[in-house]
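# Descriptive structure summary
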2 protein chains.
Amino acid sequence: MATKHALALLSLVLVTVWSWKFRGGLAWNTDKKGLIFNWHPILMVFSFVFLYGEAIVVYRFYGGSKAVKKTVHLSMLGLASILAVIGVWAAFRFHNESTPPIPNLYSLHSWLGLATLGGFFTQWLVGFVTFFYPGGAPQQRSYVLPWHVFFGLFLYALSIATAQLGILEKLTFLQTGKTIPRFGGEATLANLLGVVLAG
Amino acid sequence: MATKHALALLSLVLVTVWSWKFRGGLAWNTDKKGLIFNWHPILMVFSFVFLYGEAIVVYRFYGGSKAVKKTVHLSMLGLASILAVIGVWAAFRFHNESTPPIPNLYSLHSWLGLATLGGFFTQWLVGFVTFFYPGGAPQQRSYVLPWHVFFGLFLYALSIATAQLGILEKLTFLQTGKTIPRFGGEATLANLLGVVLAG
Ligand code: HEM
Ligand code: HEM
Ligand code: HEM
Ligand code: HEM
Ligand SMILES: O=C1O[C@H]([C@@H](O)CO)C(O)=C1O
């Protein structure tokens, strides 16, 4: 468990170093559209890997009353939803504002990304109305719970796989475009990030 | 469950159509090194997605005695190991025999691929000596079993993610090299394969 938290933190560090040090940092209003894109990996790893991963172990691995843990669980996942939307928005802005514009939603990464996003919102809403407000009858809750856990873990795996696909895609663009070499500091860092996400 | 089998079969059909109809088919002794590569996706999906997926549900979803199911489980996974080695060999041959040669093991796909392969062999050997021959003492078996199930499912998820990374990488090479367009029959087929693997 300590390992899990450590890997989650490490993935945050690695994605930040990648975007900041190698890809030139972050900006929202800029002519360098690549700097807008850089929000995408950072926000997605923070929301859909880090916050997601920490929120689903809250019930098991932290102290406190059930009511508090429930609020923490739903709030962290609500925050994750919002940051994920901003993160995906950054990717779309990068595509639309590039000259010439880059088409949207052509890749396996983007398809699975949208599926993850849609599944996540649905999961949050169903969780909210069933377990929080207005809250279902006891037999409804106990019927939904195993599905909630199953889909929650399935979407987590999908989210990790999507993030790995994004890393590979970004790196492949840079490498086939000869912006960076196949072997080198940046490639090793990004591949390492992908390996850490698998852990 | 019927859905699971149907998706497994569909992934086989899709990867075959992709390699055969769009990528020009299969060959082992040829100057067209791309035809050697084409064994890679077909063999990997057949071994590490199809056979793997069917072998791990044998205990639950087929009739027959425990001893028979055990033999089927270990044989299917043994066959999967052999075919996976040939499939990875095909990818290495493609790299080494291309002019100029393409370097090996630079990508996240190949790193996770090797990790999957290594994990799989280890899992098979530990499974074999613990549950088949010579076979551990009962308390040894019951200690190993939950780890066997956990790693078996973890490696399955890793294997699926690796296959999706391979699909994205191949498609990205073809698209950035302008061999095929971003939107079109081949891209849709390959992305669909990636989505089906997630199911
Ligand atoms: C689970 C987390 C993630 C989700 C849900 C996600 C989702 C998306 C979506 C929906 C798009 C399409 C944008 C458009 O078509 O305009 C996209 C694009 C992109 N993402 Fe991600 N992403 C995630 C993580 C990452 C990470 C960690 C990277 C690493 C660099 C990344 C790299 C890219 C790249 C290079 C593109 C542009 C190319 C393309 O459209 O496939 N993504 N992402
Ligand atoms: C996308 C959003 C969500 C995801 C991915 C998610 C995921 C999960 C997962 C994986 C578990 C199992 C945790 C464990 O086994 O320890 C879980 C448990 C639970 N979740 Fe969620 N959840 C989400 C939203 C919500 C919301 C909005 C609520 C509303 C309160 C909620 C209430 C619960 C409850 C009551 C449990 C059971 C805790 C227990 O008794 O062990 N979830 N969730
Ligand atoms: C779980 C299944 C898979 C495993 C374990 C796996 C493993 C590997 C390995 C170890 C390599 C490195 C070869 C070298 O460096 O010479 C490789 C290369 C490659 N594989 Fe796969 N593969 C899998 C599935 C797929 C699939 C389904 C595709 C779809 C087309 C694919 C596409 C590629 C491509 C394009 C390369 C060459 C580029 C690179 O080295 O990353 N792979 N694979
Ligand atoms: C890479 C190879 C292997 C993988 C990925 C693997 C995976 C799995 C998985 C996921 C399960 C859980 C199935 C379920 O819950 O229904 C399982 C069960 C089992 N496996 Fe394997 N396995 C492998 C090799 C072996 C070998 C070589 C043996 C030797 C006989 C073996 C013996 C067993 C046994 C006895 C069970 C428990 C069946 C039961 O009582 O439910 N496995 N395996
Ligand atoms: O050999 C075996 O070991 C496990 C179990 O007995 C461990 O407790 C099992 O199901 C077998 O067939």
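The structure displayed is predicted, hence computed values, not measured ones. Counting restarts for each chain: residues are numbered from 1 in the order of the written sequence. Note on labels: chains are lettered from A, ligands numbered from 1, in written order. Whole-chain, interface and lining totals are the exception, using all residues; otherwise, since this is a predicted model, local features are given only for residues with pLDDT of at least 70 and side-chain atom pairs are given and counted only at 80 or more. The side-chain values count all of the structure's non-hydrogen atoms but skip hydrogen atoms and water molecules.

We now examine the overall build of chain A. Within chain A one finds eight helices and zero strands. Strands are runs of DSSP state E lasting at least two residues, helices are runs of H or I lasting at least four, and both sets are numbered from the N terminus onward. Moving toward the C terminus, one meets the helices and strands of chain A in the order α-α-α-α-α-α-α-α. Two things to know: the radius of gyration comes from C-alpha atoms, and the globule rule equals 2.2 Å times the number of residues to the power 0.38. In terms of C-alpha radius of gyration, chain A reaches 18 Å, essentially the compact-globule figure of 16 Å for 199 residues. With the C-alpha coordinates aligned to their principal axes, the bounding extent of chain A is approximately 60 × 35 × 25 Å. Burial here depends on accessible area, computed with a 1.4 Å probe over protein chains only, as a share of the maximum for the residue type. Under 20% is buried, over 50% is exposed, and the range in between is partly exposed. Taken across its 199 residues, chain A has 49% of its residues classed as buried. Throughout, a contact is declared for two residues whenever any of their heavy atoms are within 4.5 Å. Put simply, 67% of the contacts in chain A that link residues at least 6 apart link residues at least 24 apart.

Okay, the coordination of the iron atom of ligand 4 next. All names here are of chain B. In this analysis a donor is any N, O or S atom within 2.8 Å of a metal ion (3.2 Å for sodium, potassium and calcium), and since water is not included, sites may seem incomplete. Note on the iron atom of ligand 4: its protein donors are His73 (NE2) and His148 (NE2). The metal-donor distances range over 2.0 Å. Square planar and octahedral assignments, for four and six donors respectively, both demand that opposite donors be over 155 degrees apart and that all other angles lie between 65 and 115; tetrahedral needs four donors with all angles between 85 and 135 degrees, and anything else is irregular. Viewed at the metal, the six donor atoms of the iron atom of ligand 4 are separated by angles of 85 to 179°, and the geometry they form is octahedral. With histidine 73 in helix 5 (residues 66–97) and histidine 148 in helix 7 (residues 138–176), this pair connects stretches of sequence that are 75 residues apart.

Next up on the list: the site of ligand 4. Residue and element names in this part refer to chain B. Taken together, 20 residues sit near ligand 4, with Tyr59, Arg60, Lys66, His73 and His148 positioned nearest. The side chain of lysine 66 places a nitrogen or oxygen atom 3.0 Å from an oxygen atom of ligand 4. Distance and chemistry together define a polar contact, namely a pair of N or O atoms within 3.5 Å, with one atom able to donate a hydrogen and the other to accept it when in protein, and with adjacent residues in sequence counting only for side-chain atoms on both sides. Histidine 73 places a side-chain nitrogen or oxygen 2.8 Å from a nitrogen atom of ligand 4. Counting only elements with at least two residues in the shell around ligand 4, the list comes to helix 4 (58–61), helix 5, helix 6 (108–131) and helix 7. Nearness is judged by heavy atoms alone; a residue qualifies as near a molecule or strand once a single heavy atom is within 4 Å of it.

The next thing to look at is the relation of the copies chain A and chain B. For the pair chain A and chain B, the best superposition has an RMSD of 0.0 Å and corresponds to a rotation of 180° with a translation of 0.0 Å parallel to the axis. Such a turn and shift between the copies fits a two-fold axis. A high fraction, 100%, of the interface residues of chain A reappear at the interface in chain B, so the copies pair face to face through one surface. Superposition of the copies used a least-squares fit over C-alpha atoms from residues whose pLDDT is at least 70 in both.

Residues and elements named next belong to chain A. Lines are fitted to the C-alpha atoms to define the axes, a helix being fitted only along its stretch in contact, and any angle between axes, read from their N-to-C directions, falls within 0 to 180 degrees. Running from N to C, helix 5 (residues 66–97) and helix 6 (residues 108–131) point in directions that differ by 155°, and their axes come no closer than 11 Å. By the angle between their directions, the pair helix 5 and helix 6 is classed as roughly antiparallel. In this structure, helix 5 crosses over helix 6, and the sense of that crossing is left-handed. For the pair formed by helix 5 and helix 6, the contact residues are Lys70, Leu74, Leu77, Gly78, Ala80, Ser81, Ala84, Val85 and Val88 on the first element and Leu117, Phe120, Phe121, Trp124, Phe128 and Phe131 on the second. Tallied by class, the residues present in the contact of helix 5 with helix 6 amount to twelve nonpolar, two polar and one charged. Any angle between 65 and 115 degrees counts as roughly perpendicular, while under 35 counts as roughly parallel, over 145 as roughly antiparallel, and the rest as oblique. Crossing handedness is defined as follows: a turn of the near helix away from the far one that is anticlockwise and smaller than a right angle gives a left-handed crossing, while the clockwise case is right-handed. Just so you know the grouping, Ala, Val, Leu, Ile, Met, Phe, Trp, Tyr, Cys and Pro go in nonpolar, Asp, Glu, Lys and Arg go in charged, and all remaining residues, Gly too, go in polar.

The subject of this paragraph is the coordination of the iron atom of ligand 2. Only His73(A) (NE2) and His148(A) (NE2) from the protein reach the iron atom of ligand 2 as donors, at distances of 2.0 to 2.1 Å. Residue His148(A) is classed as buried on the basis of its relative accessible area of 17%.

Now for the confidence of the model for chain A. pLDDT is a per-residue confidence score from the predictor, ranging from 0 to 100. When pLDDT is averaged across chain A, the result is 97; 100% of the residues are at 70 or more. Overall fold confidence (pTM) sits at 0.96, and the ipTM for the predicted complex is 0.95.

In this complex, chain A contributes 30 residues to the contact, which on the side of chain B involves 30 residues. Whenever a carboxyl oxygen of Asp or Glu lies within 4 Å of a side-chain nitrogen of Lys or Arg, that contact is scored as a salt bridge. In this assembly, chain A and chain B are joined by zero salt bridges. The interface formed by chain A and chain B includes four residue pairs in polar contact (both at pLDDT 80 or more). Broken down by secondary-structure element, the contributors of at least two residues to the side of chain A that touches chain B are helix 6, helix 7 (138–176) and helix 8 (185–198) of chain A. Here the side of chain A that touches chain B gets twelve residues from one element, more than from any other, and that element is helix 7 of chain A. Its residues placed into classes, the side of chain A that touches chain B shows 18 nonpolar, ten polar and two charged.

As a further point, take a nonpolar patch on the surface. Residue and element names in this part refer to chain A. Each patch is built from residues that are more than 30% exposed by relative accessible area and take part in no salt bridge. Like charges join if they lie within 9 Å; nonpolar side chains (Val, Leu, Ile, Met, Phe, Trp, Tyr) join within 5 Å. Each accessible area value is a Shrake-Rupley result obtained with a 1.4 Å probe; residue values ignore everything except the protein chains displayed when judging cover. A surface patch of nonpolar side chains, amounting to about 570 Å² of accessible area, comprises Tyr143, Trp147, Phe150, Phe151 and Phe154. Note on placement: tyrosine 143 falls in helix 7. Classification of tyrosine 143 by relative accessible area gives exposed; the value is 57%.

We now examine the environment of Met1(A). All names here are of chain A. When you line up the elements, methionine 1 lands in the segment before helix 1 (2–22). We classify methionine 1 as partly exposed; its relative accessible area is 40%. Linking methionine 1 and methionine 44, residues 43 residues apart in sequence, is a C-alpha distance of 22 Å. Ignoring sequence-local partners within four residues, the contact set of methionine 1 consists of Val57 and Phe61.

This part is about the site of ligand 1. All names here are of chain A. In the region of ligand 1, 26 residues are neighbours, and His40, Asn104, Ser107, His109 and Glu169 sit closest. Interatomic distance of 2.9 Å between a side-chain N/O atom of histidine 95 and an oxygen atom of ligand 1. The separation between an oxygen atom of ligand 1 and a polar main-chain atom of leucine 105 is 2.7 Å. Elements that contribute at least two residues to the shell around ligand 1 include exactly helix 3 (39–56), helix 5, helix 6 and helix 7. Of all the elements, helix 7 adds the most residues to the shell around ligand 1, at seven residues. Looking at side-chain class alone, the shell around ligand 1 contains 14 nonpolar, ten polar and two charged residues.

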